[in-house]
Amino acid sequence: MSDTLNRRRLLKLLGMTALGTSVSSCVTSPAAAAKTNWGYIGKQGPEYWGKLSPDFQLCYVGKRQTPIDLQTASVKSIDNKNQESLIVKYQPTPLNLVNNGKTIQINYQPGSFIESERQVYHLLQFHFHHPSEHHINGEEYDMELHFVHRSQAGNLAVVGVFLKAGEFNPNLQTIWDAIPQTSGEENQFKDTIINASSLLPAERRFLTYSGSLTTPPCSENVTWYIMETSIEVSSEQIAKFTQLFPDNARPIQALNERTVFESANANKA
Ligand SMILES: [Zn+2]
């Protein structure tokens with residue numbers, strides 16, 4: 001590989017474009033703004049997202065932003081029977097993963113969904129953050145997994161699962177063995193079949209609230225379901241992710257006028 005290519009690769013890994021796509025040239029047109037570069041450190045970091053592009057304004061002025069610190073002492077029980085249950089219907093899918101420079105994302109074939117409040121949300125992809133984005137009573141976890149779903153009406157629902165250091169996780173390892181090392185790289189395996197439900201805890205009591213995407217444009221049409229039970233992965237498995245992404249967690253946002261609800265029953269799988 002030539003020096004130039006090495007340099008481009010390094011810049012990409014650092015979350016920058018190789019050839020000076022400056023922020024000022026992006027803000028003039030919405031199409032270009034969609035490509036505005038953002039990251040987790042320095043002048044492209046979370047404190048600056050709202051100023052990087054007019055399309056990212058909500059990151060700065062939004063009042064229903066994610067992540068938040070979930071205070072278990074002040075959650076309310078769900079009183080609406082329709083919200084009580086979170087039905088998860090995930091199908092196996094051939095492994096398709098992409099290193100998008102911000103995280104490792106596993107794309108899902110159509111046909112898997114969750115159902116809540118009589119709405120069906122289709123699973124699009126899942127991805128990882130280190131450390132966790134949500135906190136529980138002020139404490140962060142080692143990592144957080146986000147299952148991203150969309151309804152036919154265009155509303156989003158994300159199921160969050162905390163990962164903590166402990167036992168080696170063979171289901172995660174199938175994915176980890178296939179991680180693309182370079183930003184922009186995608187790996188597809190017809191013969192490796194995974195099932196997202198193998199990364200959900202068996203005990204499915206959850207906290208739910210109305211929030212946003214945790215990455216630009218920070219859109220606020222997202223219903224969050226955070227599992228109270230975490231899953232275990234080994235410290236070596238955590239280290240493999242942090243080598244590529246040392247910190248891809250947005251800082252905690254203000255709760256403002258929102259209420260966090262807790263499901264009453266355990267919703268066991
Ligand atoms: Zn996420």
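Secondary structure assignment for the protein yields eight helices and 16 strands. By residue count, 46% of the 269 residues in the protein fall in the buried class.

Of all nine residues in strand β10 (residues 143-151), eight are buried, a share of seventy percent or more. Alignment of strand β7 (residues 119-129) against β10, held across eight bridges, turns out to be antiparallel. Bridge pairing in β10 places leucine 123 opposite histidine 149. Bridging between β10 and strand β11 (residues 156-165) involves eight bridges; their strand directions are antiparallel. Its bridge partner being in β11, arginine 150 is matched across the sheet by leucine 156. If you look at the hairpin formed by β10 and β11, you'll find four residues sitting between the two strands, and glycine 154 has a positive phi there, around 95 degrees.

Right, let's get into the state of the cysteines. For the structure shown, the criterion picks out one disulfide. The side chain of cysteine 59 participates in a disulfide bridge whose partner is cysteine 218; the two sulfur atoms lie 2.1 Å from each other. Torsion about the S-S bond of the cysteine 59 and cysteine 218 cystine: about 95 degrees, corresponding to right-handed handedness. On the criterion of sequence distance, the pair formed by cysteine 59 in helix α5 (residues 58-61) and cysteine 218 in the loop between β13 (206-211) and β14 (222-227) is long-range, its members being 159 residues apart. In this structure cysteine 218 comes out as buried when scored by relative accessible area, which is 0%.

What follows covers the environment of glutamate 133. Position of glutamate 133 among the secondary structure elements: in the loop between β7 and β8 (135-136). Put simply, glutamate 133 and methionine 143 are ten residues apart on the chain and 7.9 Å apart in space, counted from C-alpha to C-alpha. Residue contacts for glutamate 133: discarding those within four places in its chain leaves Pro67, Glu144, His146, Thr214, Asn248, Ala249, Arg250 and Ile252. A polar contact of 3.3 Å, which involves the side chain of glutamate 133, links it to the side chain of histidine 129. One polar contact links the side chain of glutamate 133 to the main-chain amide nitrogen of arginine 250, over a distance of 2.8 Å.

Time to look at the coordination of the zinc ion. The zinc ion binds to the protein through His127 (NE2), His129 (NE2) and His146 (ND1), with metal-donor distances spanning 2.0 to 2.1 Å. Relative accessible area serves as the criterion here: at 2%, histidine 129 is assigned to the buried category. Among the residues examined, histidine 146 registers a relative accessible area of 1% and is labelled buried.

On to the environment of proline 170, then. With respect to the helices and strands, the residue proline 170 is situated in helix α7 (residues 170-176). Sequence separation of proline 170 and valine 233 is 63 residues, and the distance between their C-alpha atoms is 8.6 Å.

One finds Ile106, Phe126, Phe128, Phe147 and Ile175 to be the most contacted residues of the largest nonpolar core, which totals 39 residues. Excluding anything up to four places from it in sequence, phenylalanine 128 contacts Thr103, Ile104, Ile106, Met143, Glu144, Leu145, Leu163, Leu172, Trp176, Phe241 and Asn248. Within the second largest apolar cluster, 14 residues are counted, among which are Val75, Leu156, Phe162 and Trp224.

If you trace the three strands from one edge of the open sheet to the other, you get β1-β8-β9, paired in mixed fashion. Unpaired on one side and paired on the other, β1 (69-70) and β9 (139-140) mark the two borders of the sheet. Two elements, β1 and β8, share two bridges in a ladder whose sense is parallel. If you follow aspartate 69 over to β8, its bridge partner there is histidine 135.

On to the packing of aromatic side chains. Counting across every chain of the model gives 14 aromatic pairs. With 5.8 Å between their ring centres and 75 degrees between their planes, tryptophan 38 and tyrosine 40 make a pair best called edge-to-face. Judged by centre distance (6.5 Å) and plane angle (45 degrees), the ring pair of tyrosine 90 and tyrosine 108 falls under tilted. With tyrosine 90 in the loop between β3 (87-89) and β4 (93-99) and tyrosine 108 in the loop between β5 (104-107) and β6 (113-116), the pair connects residues that are 18 residues apart, well separated along the chain. Neither residue differs from the other here; tyrosine 90 and tyrosine 108 are each classed as buried. The ring of tyrosine 60 is capped by lysine 51, whose NZ or CZ atom sits 4.3 Å from the centre of that ring. Taking NZ or CZ as reference, lysine 102 lies 4.5 Å from the ring centre of tryptophan 38, over its face.

Reading the values: the criteria
Residues numbered from 1 in each chain as written. Predicted model: local features only at pLDDT ≥ 70, side-chain atom pairs only at ≥ 80, totals over all residues. Heavy atoms only, no water. Helix = DSSP H or I, 4+ residues; strand = E, 2+ residues; numbered from the N terminus. Buried < 20%, exposed > 50% of the residue type's maximum accessible area, 1.4 Å probe, protein only. Pairing = 2+ DSSP bridges. Disulfide = S-S within 2.5 Å. Contact = heavy atoms within 4.5 Å. Polar contact = N/O pair within 3.5 Å; in protein donor to acceptor, adjacent residues only side chain to side chain. Donors = N, O, S within 2.8 Å, 3.2 Å for Na, K, Ca; no water. Core = buried A, V, L, I, M, F, W, Y, C linked by side-chain atoms within 4.5 Å. Phe/Tyr/Trp six-rings, centres within 6.5 Å; stacked < 30°, edge-to-face > 60°. Lys NZ or Arg CZ within 6 Å of the ring centre and 35° of its normal.

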